[in-house]
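What the coordinates show
So you can see what is in the structure, the chains are spelled out below.
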Amino acid sequence: MKILVTVKRVTDYERKVKIKPDGSGFETEGMNFVPNPFDEIAVEEALRLTKEHGGDVVVVSIGPNDATQQIRQALAMGAQRGILVQAGELDSDAVARVLQKLVEKENPDLVLMGKQATDDDANQAGQLLAGYLGWPQATFASKTEGLESAEEKAQKPGVKVADGWASVAREADGGIETIKVQLPAVITTDLRLNHPRFASLPGIMKAKKKPIEEIPVASLGVDITPKVRVLKYEEPPARLAGVKVADVDELVNKLKNEAKVI
Amino acid sequence: MPGEGVPKELDGDELSEIRLAVRRFVRERLIPHEAQVEDEDEVPEALVEEMKALGLFGLSIPESYGGLGLGLEEQVGVYEELGYTSPAFRSVFGTNVGIGSLGILLDGTESQRQAYLPRLATGELVGSFALTEPDVGSDAAAVRTRAREDGDSYVLDGTKRYITNAARAGVFTVMARTGSPASRGDGVTAFAVDAHLPGIEIGAPERKMGQRGAKVCDVIFDGVRVPKSSIIGGVPGQGFKTAMKTLDVGRLHVAALCVGAMQRALDEAARFAQTREQFGRPIAEFQLIQAMLADSSTELLAAKTMVRATAARFDRGKAPSADASRCKLFATEALGRVADRAVQIHGGAGYIADYAVERIYRDARLFRLYEGTSQIQQLIIARDVLSPG
């Protein structure tokens with residue numbers, strides 16, 4: 001089977017993001033960029049599925065030329081080739097329509113995407129893509145057996161594919177919902193689907209030689225005019241200092257009358 | 001708390017993808033297991049498997065033999081990353097990257113290379129280097145282990161001491177005397193010896209001051225019969241030269257590990273100083289603490305810069321052997337001072353095993369002793385300074 005996987009270049013979640021003084025965006029100076037962690041899970045799942053069923057994994061990123069680094073990281077994990085759609089910041093809808101064009105060109109059996117990117121947390125591109133393609137979707141894919149299971153240790157896929165259908169355990173509020181979707185389909189991955197592998201050092205060397213096709217976004221004929229505009233970014237309010245209380249009575253009193261939580 | 005540390009950027013340079021991958025592995029997989037290794041004096045087998053999967057055993061072995069074929073400059077970059085955590089982890093594969101494979105790579109016959117290097121590169125086989133003996137340390141040419149010619153084979157007798165990874169080894173590079181006792185270095189031959197041959201006995205691991213989890217043992221050869229084809233390079237009497245060739249690389253590796261360890265000690269000390277309060281404010285605000293941090297940071301930069309520059313010149317074939325000694329001497333001694341200051345900044349806490357600097361202080365001591373003591377490095381350096389021309 002052929003699987004198309006998206007990998008977004010995002011700011012390192014371990015670094016504190018600095019907002020520009022005018023609130024228009026983020027300081028990129030000195031920032032570290034990593035593959036969206038949810039997308040790494042998608043790459044891992046794709047690699048496990050093609051190991052079991054045969055086939056190729058094609059990695060797509062939409063972003064600046066530097067996003068080649070994130071594509072290479074996925075190639076180092078084991079994906080076969082990459083596509084970079086050279087573009088600036090796009091909203092989720094534009095991303096979905098760009099991906100639609102690529103899907104029409106590549107004809108994959110499955111599109112695997114992180115459920116959201118850790119930079120804007122929009123959680124829309126996968127759903128929109130399925131809508132534009134008219135494909136079934138299964139979002140928030142998880143692993144019923146859990147991440148400590150023998151299945152996970154044996155690097156088995158959590159998404160089960162058989163007879164042209166994919167069975168997906170979805171993380172829903174308070175439990176797991178298992179559904180079957182007919183392929184081709186769009187599946188988005190949640191945190192508890194797998195532990196992504198470390199790219200091996202020989203894998204990194206090999207990735208340097210794997211092909212990455214570069215496609216200017218303008219050549220796809222997609223209208224990327226934003227439908228969503230970000231107006232402003234703000235820091236969360238600073239935490240206030242705590243207070244010490246003399247005894248339990250004072251604590252209860254404060255909780256009741258000041259914090260009003262009991 | 002130990003293991004909480006997140007490595008800071010070692011520099012503002014663009015780090016290679018290889019190095020970043022190793023950094024991530026060190027940060028996410030190794031540092032969280034430091035305390036366990038310290039307690040159990042053992043690197044967990046599952047982590048050894050992860051190191052194999054990552055490809056760490058094959059860092060220096062050429063791609064044509066299944067390794068990564070990294071140049072020395074890239075190797076020292078990777079070793080800086082590994083120096084940031086317990087040296088026990090590096091020790092697991094360190095002999096495969098350095099002294100345990102290098103003799104076979106540099107001087108071995110093609111069939112010896114084919115026989116060993118691909119399995120050393122994957123970690124399927126662990127290579128170990130057996131030169132040191134009870135009475136053979138700094139005077140490396142005084143090897144007493146005998147290799148007696150007997151028909152198509154040689155018979156080895158003798159005891160090797162402090163042999164790293166002996167218990168895991170699949171193949172030993174053994175230095176043994178084929179010439180007369182007076183022959184010094186010219187009478188020493190290097191053999192690639194299968195570790196499972198009859199007559200080889202591995203002693204109990206030594207109890208050490210630090211570097212827990214890294215195992216050194218005696219290896220006793222009692223009438224061990226090896227074919228003549230196991231002479232590395234096929235020609236007797238070349239062993240001492242082979243051993244000396246491996247040392248420059250080993251010394252740069254040690255120096256690079258010390259750079260990583262200095263960075264860790266400095267990061268731990270700086271973080272502690274910013275959170276520990278005395279006299280109503282963080283101790284980092286006191287100038288006597290600041291002076292220690294500044295001195296350590298400066299020595300770190302000096303060591304890092306000289307190790308990298310020297311490795312790059314080795315790659316271009318333009319560095320004298322004594323420069324590896326200069327790097328080893330400075331970096332190991334500087335780490336001693338940096339680790340000492342890190343403990344000092346921690347105050348009483350620095351003597352408590354819950355803090356990483358307590359381990360670093362003990363681990364640091366060995367670097368000034370092995371792969372040539374500081375005094376041996378001084379002799380090599382002085383000889384270079386005083387040599388004519």
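Residues numbered from 1 in each chain as written. Chains lettered and ligands numbered in written order. Predicted model: local features only at pLDDT ≥ 70, side-chain atom pairs only at ≥ 80, totals over all residues. Heavy atoms only, no water.

It is worth spelling out the overall build of chain A at this point. Along its length, chain A carries 7 helices and 12 strands. When the backbone C-alpha atoms are referred to their principal axes, chain A occupies close to 65 × 45 × 40 Å. Taken over 262 residues, chain A has a buried fraction of 46%. Intrachain contacts of chain A at a sequence separation of at least 6 include 72% that bridge at least 24 residues. In the form shown here, chain A has an accessible surface area of approximately 14,000 Å², with 52% of it arising from carbon and sulfur atoms. Seen as two clouds, the 35 positive and the 39 negative side-chain charges of chain A have centres 3 Å apart. (Helix = DSSP H or I, 4+ residues; strand = E, 2+ residues; numbered from the N terminus. Buried < 20%, exposed > 50% of the residue type's maximum accessible area, 1.4 Å probe, protein only. Contact = heavy atoms within 4.5 Å. Areas by Shrake-Rupley, 256 points an atom, 1.4 Å probe, with all protein chains shown as cover. Lys, Arg positive; Asp, Glu negative; His and termini not counted. Charge placed at Lys NZ, Arg CZ, Asp CG, Glu CD.)

A few words on the nonpolar core. In this structure, Leu201(A), Met51(B) and Leu59(B) are the most contacted members of the largest nonpolar core, which totals 134 residues. Core analysis: the next-biggest nonpolar cluster, separate from the first, contains 27 residues, Leu4(A), Val60(A), Ile83(A) and Ala130(A) among them. (Core = buried A, V, L, I, M, F, W, Y, C linked by side-chain atoms within 4.5 Å.)

With that settled, the discussion passes to empty space enclosed by the protein. Summed over the entire model, instances satisfying the criterion amount to 2 cavities of 30 Å³ or more. Taken as a whole, the largest cavity holds about 100 Å³ of empty space. If you go around the largest cavity, you meet 14 residues; those closest to its centre are Gly83(B), Thr85(B), Pro87(B), Ala261(B) and Arg359(B). For the lining of the largest cavity, the secondary-structure elements that each account for two or more residues are α4 (72–83), α8 (239–275) and α11 (356–367) of chain B. With 5 residues, α11(B) is the single largest residue contributor to the lining of the largest cavity. A breakdown of the residues in the lining of the largest cavity according to their chemical character gives 9 nonpolar, 2 polar and 3 charged. Composition of the lining of the largest cavity by domain shows at least three residues from each of domain 1 (12–122) and domain 3 (241–386) of chain B. Lining of the second largest cavity is provided by Val7(A), Pro35(A), Asp39(A), Glu40(A), Val43(A), Gln70(A), Gln73(A), Ala74(A) and Met77(A). (1 Å grid on protein atoms, 1.4 Å probe; cavity = no way out; pocket = protein on both sides within 12 Å on 5 of 7 lines; lining within 4 Å. Points joined across faces, edges and corners; volume = space filled by probe spheres on them. Nonpolar A, V, L, I, M, F, W, Y, C, P; charged D, E, K, R; others polar. Domains from an automatic or database assignment.)

Turning our attention to the interface of chain B and chain A. In this assembly, 20 residues from chain B lie in contact with 13 residues from chain A. For the pairing of chain B and chain A, the buried interface totals around 1,400 Å² over both sides, and the portion due to carbon and sulfur atoms is 60%. Interface area lost by chain B to chain A is led by Glu17(B), Arg24(B) and Leu54(B), which between them contribute 36%. Between Glu14(A) and Arg27(B) there is a salt bridge, with its nearest N and O atoms 2.6 Å apart. In this structure, the connection of chain B to chain A is made through 3 residue pairs in polar contact (both at pLDDT 80 or more). Listing elements by their share of the side of chain B that touches chain A, those giving two or more residues are α1 (17–30) and α3 (45–54) of chain B. For the side of chain B that touches chain A, a count of residues per class yields 11 nonpolar, 1 polar and 8 charged. (Buried area = accessible area lost by both parts, 1.4 Å probe. Salt bridge = Lys/Arg side-chain N within 4 Å of Asp/Glu carboxyl O. Polar contact = N/O pair within 3.5 Å; in protein donor to acceptor, adjacent residues only side chain to side chain.)

Nothing here speaks to function; it is geometry throughout.
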